[in-house]
Amino acid sequence: MKKIISLIIAILFLGTSSLFAEIKVLKVKGTVAYKTGKDWTAVSAGMDLPEGVKISTGANSSAELKLNALNHTITIKPYTVIQVFSRTDSKNSDTNVGLKRGNIIVRVPKDKKVKTVFKVTTPIATSSVRGTAEDIFSGTKEMIVKVLDGEIEGSNRLGRKKNIRGRQVFHQKKGEPGSDNILSRLRKDSIPDFEDSDTSPLDNKTGEDAKVGVSIIWYLP
Amino acid sequence: MKFFKVTVIALTAVFISASLFSQSSIEKISDIDRKVTATYGDAVTLFKAETKKDVSLNYKNDEPLTRGMVALMTAKYLDLKGSFMYNIFGSQRYAVKACIAEDLMDADSSANDLMSGPELIEVLAKIAQRNGESE
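Just so we're clear, the structure is a prediction, and the values are computed from it rather than from any experiment.

(A) Quick look at the overall build of chain A. Scanning chain A for helices and strands turns up 1 helix and 17 strands. For chain A, the proportion of its 221 residues judged to be buried stands at 38%. Within chain A, contacts between residues at least 6 apart in sequence are counted, and of these 48% link residues at least 24 apart.

Written out as structure tokens, the structure reads:
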């Protein structure tokens, strides 16, 4: 009887533990705190943080978080406020990072076996990251995305797309009209011809059949 | 035994003070973040924490913060050479142009614009980002 109860507890534990967030603090430099109720509490390396945690960094400060066993990481730069929602199990990984202000670097390695959704939402726009590394800055009037590794696909409200790679920079201004060419401020390559672009939503694809290093950026009205 | 007690008490005090420092520093930034118009004193506080240098100007701490003040502090700290006119005159107007040339401020900025707390923090975040890239 005891064995059966132990087995049931073990199964329940294994079944539910995979649904919990695994936000672990890898490194901390300077002043980094997380919000508990109304108060801010210091963050230290090795700490586990709860789902939905709000983290803030001060001057000359940074932190590195590991979100799951898939090695999805976030490096939080100075003067940044983020909120992290992350859930992962053996088949799905769903992360939503709210970047209120500041600068983060996200690294989302591709895993063919796990359907991955990783979104970074700022007050200006949302970036969906998969199989790539991006440096995302959120200011009062603009969002800037730099490609560090892999490839990003930028898309406007009309579904027109352009791949961005190789340390290129994407700007989205607040309140800027969803013009025909959301990528007009792309700094390097010329603006692409969208005539034959495929407009199927990449979010419905799994990590397996999505392109390596795909990210979708769209304008929020 | 006495040494052990003293060590434990000292470590606890260090931990608590570090925690309180962290809390107050983050809360200070949060307070500034909520301001519709920041003050010159807010800029001094943040620049001091970021730069560890004296980039202060001749203003009272409670004076409303303008973009020109922040541009001058930024140009002083980063030793910006981007604007020829700033190098000659060193005025707020040309400091703003130097900051625009360095992508630290918006192109439509002018020296007399009042700055909000979030805008001030954004400039500091861009300075930190720039410093991080040059490391």
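Back to the write-up after that little detour.
(B) Summary view of the interface of chain B and chain A. Each partner contributes to the interface: chain B provides 21 residues, whereas chain A provides 19 residues. Residue composition of the side of chain B that touches chain A, by class: 10 nonpolar, 6 polar and 5 charged.

(C) Inspection of the nonpolar core at higher detail. Residues and elements named next belong to chain B. If you look at the biggest cluster of nonpolar residues, it comprises 71 residues, and the most contacted ones within it are Ala-43, Val-70, Ala-95, Leu-120 and Leu-124. Counting residues per element, this core draws most heavily on helix H6 (residues 117-134), which supplies 7 residues. Split by domain, the residues of this core number at least three in each of domain 1 (1-34) and domain 2 (36-134). Sequence-distant contacts of Ala-95, defined by excluding residues within four places in its chain, comprise Gly-68, Ala-71, Leu-72, Ala-75 and Tyr-86.

(D) Representation of the pairing of strand S3 (residues 39-42) of chain A. Residue and element names in this part refer to chain A. Of the pairings in the sheet, the one linking strand S2 (residues 32-36) to S3 comprises 4 bridges and is antiparallel in character. The residue bridging Lys-35 from the neighbouring strand is Trp-40, located in S3. Linking S2 back to S3 in an antiparallel pair, the connection comprises 2 residues, with Gly-37 at a positive phi of about 65 degrees.

(E) Representation of unusual backbone geometry in the model. Non-glycine residue Asn-71 of chain A carries a positive phi angle of around 65 degrees. Along the chain, the position of Asn-71 of chain A falls in the loop between strand S6 (62-66) and strand S7 (73-76). With a phi angle near 60 degrees, Lys-52 of chain B is a residue other than glycine that sits in the positive phi range. In this structure, Lys-52 of chain B sits in the loop between helix H2 (40-51) and helix H3 (67-78). According to the C-beta neighbour criterion, Lys-52 of chain B is exposed, with 10 such atoms within 10 Å.

(F) Just the confidence of the model for chain B, in detail. Per-residue confidence for chain B gives a mean pLDDT of 83, with 76% of residues at or over 70. Confidence metrics for the complex model read pTM 0.75 and ipTM 0.79.

(G) Looking closely at the domain arrangement of chain B. Under the domain assignment used here, chain B contains domain 1 (1-34) and domain 2 (36-134). Residue classes in the side of domain 1 of chain B that touches domain 2 of chain B are distributed as 2 nonpolar, no polar and 3 charged.

(H) Region of interest: the environment of Thr-88 of chain A. Residue and element names in this part refer to chain A. In this fold, Thr-88 is placed in strand S8 (residues 81-88). A count of 21 C-beta atoms within 10 Å places Thr-88 in the buried class. Setting aside its immediate chain neighbours within four residues, Thr-88 contacts Glu-22, Asn-68, Leu-70 and Ser-93.

(I) Examining the confidence of the model for chain A more closely. Residues and elements named next belong to chain A. Predicted confidence across chain A gives a mean pLDDT of 72, with 62% of residues reaching 70 or more. Contacts from residues 11-18, a stretch scored under 50 in pLDDT, to residues over four places away or in other chains number 2 contacts. Taken as a whole, residues 178-215 scores under 50 in pLDDT and shows 67 contacts with residues more than four places along the chain or in a different chain.

Criteria and thresholds
For every chain, the first residue of the written sequence is number 1, and numbering continues from 1 onward in sequence order. Following the order in which they are written, the chains are lettered starting with A and the ligands numbered starting with 1. In view of the model being predicted, local features appear only for residues whose pLDDT reaches at least 70, and side-chain atom pairs are presented and counted only at 80 or more, with totals across whole chains, interfaces and linings using the full set of residues. A run of H or I in DSSP becomes a helix once it reaches four residues, and a run of E becomes a strand once it reaches two; helices and strands are each numbered from the N terminus. In this scheme every C-beta is placed from the backbone, and a residue whose C-beta has 20 or more other C-beta atoms within 10 Å is buried, one with 12 or fewer is exposed, and one in between is partly exposed. What counts as a contact here is a pair of residues whose C-beta atoms, placed from the backbone, lie within 7 Å. By the convention adopted, Pro, Cys, Tyr, Trp, Phe, Met, Ile, Leu, Val and Ala count as nonpolar, Lys, Arg, Asp and Glu as charged, and the other residues, Gly among them, as polar. The nonpolar core criterion groups buried Ala, Val, Leu, Ile, Met, Phe, Trp, Tyr and Cys residues into a set whenever they are joined through C-beta atoms within 7 Å. Domain borders in the structure are assigned automatically or taken from a domain database. Pairing between strands requires that DSSP locate at least two bridges from one strand to the other. Across the chain, each position has a pLDDT score giving the predictor's confidence in that residue, from 0 to 100.

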